[in-house]
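# Inside the fold
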There are 2 protein chains.
Amino acid sequence: MSEKEFLQKYNVKDFDVPLVTVDSVLFTCHEDQLKVLLVERSNHPHQGQWGLPGGFIDLAVDKTLEEAAKRKLKEKTSIEPPYIEQLECKGGADRDKRGWSVSVCFSALIAYQDCQAHIESVSDAKWHFVNELGLLDLAFDHRAIINTALERLRQKALYSIVPAYALPERFTLPELQKVHEIILGQPIQKKSFRRRIEQAELLIDTGEKQASGKRQASLYKMKKSSSEYRFVRNLEA
Amino acid sequence: MSEKEFLQKYNVKDFDVPLVTVDSVLFTCHEDQLKVLLVERSNHPHQGQWGLPGGFIDLAVDKTLEEAAKRKLKEKTSIEPPYIEQLECKGGADRDKRGWSVSVCFSALIAYQDCQAHIESVSDAKWHFVNELGLLDLAFDHRAIINTALERLRQKALYSIVPAYALPERFTLPELQKVHEIILGQPIQKKSFRRRIEQAELLIDTGEKQASGKRQASLYKMKKSSSEYRFVRNLEA
DNA sequence: ACCTATTGGTGTCCATAAGACACTATTAAT
DNA sequence: ATTAATAGTGTCTTATGGACACCAATAGGT
């Protein structure tokens, strides 16, 4: 049989296939707390419980997995998050009552201010304090996925400035340090934090100053390549 | 509609679903070279080309994605690799001619000696020098997946001793250093390498010595927790 | 207009772990 | 016993984070 004949006859539905979803753990910082976006499920299974924003791939619309995840996030936030990366893929026979399922999980960051207005207009989406998830009964294995995302984010806070994407495009160094401290759950030495960022030339000084407060802090923005930069040493954990 | 009713009526095949495969990048070290296991494809598409070992999930047999990947690897190696981790998930409309596809990719390590006999008995599987893949026409996006796996492995060689799993259960420190050097493509300071491993107490001294060579090197084995250990500083890249 | 509190930002010394590299130790072969 | 080769150590230097005191700028009260 030629490849052409093979492809003509091929039909995915002739085989037993798992169901595939994309789900995202979207973090932000607000009021000195780390928050994660959850959606109240309107459909079975786990109807009425809180779960991660996500859903099925639209084979006709989505070109890649990341696009599918972004499309689903955009339904809740109206904008695409400035940072998104693949976290892990969970799959198994028992994690979804509908059958063998695969969830391609993403971890993303967004500035609270950049999407809060739209989220409030979407009745089923809400920011939840990460520290207070213990009380909630989350759908599927979404609690475990959030915990994995948190671990990864904590690691990144030790050796990168990826957490900057939880802030608006322009931000101050004290703001960035605060975000890191919130993620890590402990204070960081100001001098160490600033020194390594300056030495690696990761930020662009916009020349502007933040108006509020006492002394005015300089406003910076990320260089494009800075999200991939990795310091050779970790901060103390 | 109750959840029970919903689940009774639910059928995955009522929806357009992507096809899902698991694929593994299995590395080993032999003759001072990094090698990757490839399989000559017996079926369409890409019949006759080399590709990563893997395949479809068997919904009746596999409980998780990792189990599926291990089962597929075991068909070629006869044993499960001592180290396997999820690498990334590739998905898209165009990467597989059969349609929208998702590949859940794993990266794994194994000792050459532990599986070479079986691999030679499997006619379609063969170790390939990682440095000489340039000439080969690999199936799907498998070349890109191998490159991602390589990058990750190089990072791990800088801040962990995960590469130890490319060696037999008992190994010497010079052997381990050599594996790291092969992965990184450059020499490492012996003292630095040994000092950090000793300080972190990552290995168990078996008390045995390796027979061959001049002075006999001590044989060590991994502590269980050592694969997750991360040094606070990277070696120089 | 000046003082003070508060937050932003810097100077500088210390601690830690890697780099460099010379040295010692153990073995096999001659 | 000597030599060559490989295993393993001593120790000084270097780089970068930690600690913490200090200086700088701004708003508000007097």
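About the criteria used
Residues numbered from 1 in each chain as written. Chains lettered and ligands numbered in written order. Predicted model: local features only at pLDDT ≥ 70, side-chain atom pairs only at ≥ 80, totals over all residues. Heavy atoms only, no water. Helix = DSSP H or I, 4+ residues; strand = E, 2+ residues; numbered from the N terminus. Buried < 20%, exposed > 50% of the residue type's maximum accessible area, 1.4 Å probe, protein only. Contact = heavy atoms within 4.5 Å. Areas by Shrake-Rupley, 256 points an atom, 1.4 Å probe, with all protein chains shown as cover. Lys, Arg positive; Asp, Glu negative; His and termini not counted. Charge placed at Lys NZ, Arg CZ, Asp CG, Glu CD. Domains from an automatic or database assignment. Buried area = accessible area lost by both parts, 1.4 Å probe. Salt bridge = Lys/Arg side-chain N within 4 Å of Asp/Glu carboxyl O. Near = heavy atom within 4 Å. Polar contact = N/O pair within 3.5 Å; in protein donor to acceptor, adjacent residues only side chain to side chain. Pairing = 2+ DSSP bridges. Nonpolar A, V, L, I, M, F, W, Y, C, P; charged D, E, K, R; others polar. Core = buried A, V, L, I, M, F, W, Y, C linked by side-chain atoms within 4.5 Å. Least-squares fit on C-alpha atoms with pLDDT ≥ 70 in both. Phe/Tyr/Trp six-rings, centres within 6.5 Å; stacked < 30°, edge-to-face > 60°. Lys NZ or Arg CZ within 6 Å of the ring centre and 35° of its normal.

## A word on the overall build of chain A
If you tally the helices and strands in chain A, you get 6 helices and 10 strands. For chain A, the spread of C-alpha atoms along the three principal axes comes to 70 × 45 × 35 Å. Every one of the 237 residues in chain A was classed for burial, and the buried ones make up 53%. By sequence separation, contacts in chain A at least 24 residues apart represent 64% of the contacts at least 6 residues apart. With an accessible surface of roughly 11900 Å², chain A has 45% of that area assigned to carbon and sulfur atoms. Side chains of chain A give 35 positive and 34 negative charges; the mean places of these two sets differ by 5 Å.

## Details of the domain arrangement of chain A
All names here are of chain A. Taken as a whole, chain A is organised into domain 1 (12–156) and domain 2 (161–228). Contacts between the two partners involve 16 residues from domain 1, matched on the other side by 11 residues from domain 2. The contact between domain 1 and domain 2 buries some 1200 Å² in all, and 75% of this surface belongs to carbon and sulfur atoms. In this structure, the connection of domain 1 to domain 2 is made through 0 salt bridges.

## What to know about the protein's contact with DNA strand C
Residues in contact with DNA strand C amount to 22 residues; listed here are only the nearest, K190 and R215 of chain A together with R195, R215 and R233 of chain B. Per the 4 Å cut-off to the protein, sugar and phosphate atoms form 57% of the nearby atoms of DNA strand C. Separating a phosphate oxygen of DNA strand C from a side-chain N or O atom of S192 of chain B is a distance of 3.1 Å. A distance of 2.5 Å separates a base oxygen of DNA strand C from a polar atom in the side chain of R233 of chain B. Elements with a contribution of two residues or more to the surface near DNA strand C: α6 (190–199) of chain A together with α6 (190–199) of chain B.

## Overview of the sheet that holds strand β8 (residues 171–172) of chain A
All names here are of chain A. Reading across from one edge, β8-β10-β9 is the order of the 3 strands in this open sheet, with antiparallel pairing throughout. Each end of this open sheet is capped by a strand with a single partner; those strands are β8 and β9 (203–209). Pairing analysis gives 4 bridges linking β9 to strand β10 (residues 218–222), with the strands arranged antiparallel. Residue L203 lies in a different strand from β10, and its bridge partner there is M222.

## Quick word on the side chain of R95 of chain A
Residues and elements named next belong to chain A. Its place among the elements puts R95 in the loop between β5 (83–92) and β6 (101–109). For R95, a relative accessible area of 15% puts it in the buried group. At 2.8 Å, the side chain of R95 and the side chain of S101 are in polar contact. In this structure the side chain of R95 is engaged in a polar contact, spanning 2.7 Å, whose partner is the side chain of D141. With residues up to four places along the chain from it excluded, the contact list for R95 reads K90, S101, V102, S103, F140, D141 and I145.

## What to know about the interface of chain B and chain A
Between chain B and chain A, the contact holds 44 residues from the first and 44 residues from the second. Both sides of the chain B and chain A interface together cover about 3900 Å² of buried area, and 61% of this is carbon and sulfur. In terms of surface lost to chain A, no three residues of chain B exceed K13, H44 and W100 of chain B, which account for 17% of the buried area on that side. Applying the counting criterion to the chain B and chain A interface returns 0 salt bridges. Summed over the shared surface of chain B and chain A, the number is 9 residue pairs in polar contact (both at pLDDT 80 or more). Of all the elements in the fold, those that place two or more residues in the side of chain B that touches chain A are α1 (3–9), β1 (19–30), β5 (83–92), β6 (101–109) and α4 (142–159) of chain B. With 6 residues, the top contributor of residues to the side of chain B that touches chain A is β5 of chain B. Here the side of chain B that touches chain A is built from residues that sort into 22 nonpolar, 10 polar and 12 charged.

## Here we look at the nonpolar core
In terms of nonpolar packing, the biggest core is built from 48 residues, with L65 and V104 of chain A together with L65 and V104 of chain B touching the most fellow members. Beyond its immediate stretch of four places on either side in the chain, V104 of chain A contacts V20, T21, V22, D23, L65, Q86, E88 and C89 of chain A together with C89 of chain B.

## Some words on the relation of the copies chain B and chain A
Rotating chain B by 180° about the axis while translating it 0.0 Å along that axis superimposes it on chain A, leaving an RMSD of 0.0 Å. Here the two chains are linked by the operation of a two-fold rotation axis. Residue R233 of chain B of chain B places its C-alpha closer to the rotation axis than any other residue of that unit, at 2.2 Å. Taken as a fraction of all interface residues of chain B, those also at the interface in chain A reach 100%, which identifies the copy contact as same-surface.

## Here we look at the packing of aromatic side chains
For any pair of aromatic rings, the description rests on two quantities: the centre-to-centre distance and the angle between the ring planes. Throughout the structure, instances matching the rule amount to 8 aromatic pairs over all chains. Measuring from ring centre to ring centre gives 6.3 Å for F56 of chain A and F15 of chain B, while their planes differ by 5°; the resulting arrangement is stacked. With F56 of chain A in strand β4 (residues 54–56) and F15 of chain B in the loop between α1 and β1, the pair connects residues from two separate chains. Note on F56 of chain A: relative accessible area 34%, which makes it partly exposed. Taken together, a centroid distance of 5.6 Å and an interplanar angle of 20° make the contact between Y83 of chain B and Y165 of chain B stacked. Of the two residues, Y83 of chain B sits in strand β5 while Y165 of chain B sits in the loop between α4 and α5 (173–184), which places them 82 residues apart along the sequence. No difference in accessibility class separates Y83 of chain B from Y165 of chain B, as the two residues are buried. Across from the ring centre of F231 of chain B, 3.8 Å away, lies the NZ or CZ of R196 of chain B, which sits over that ring.

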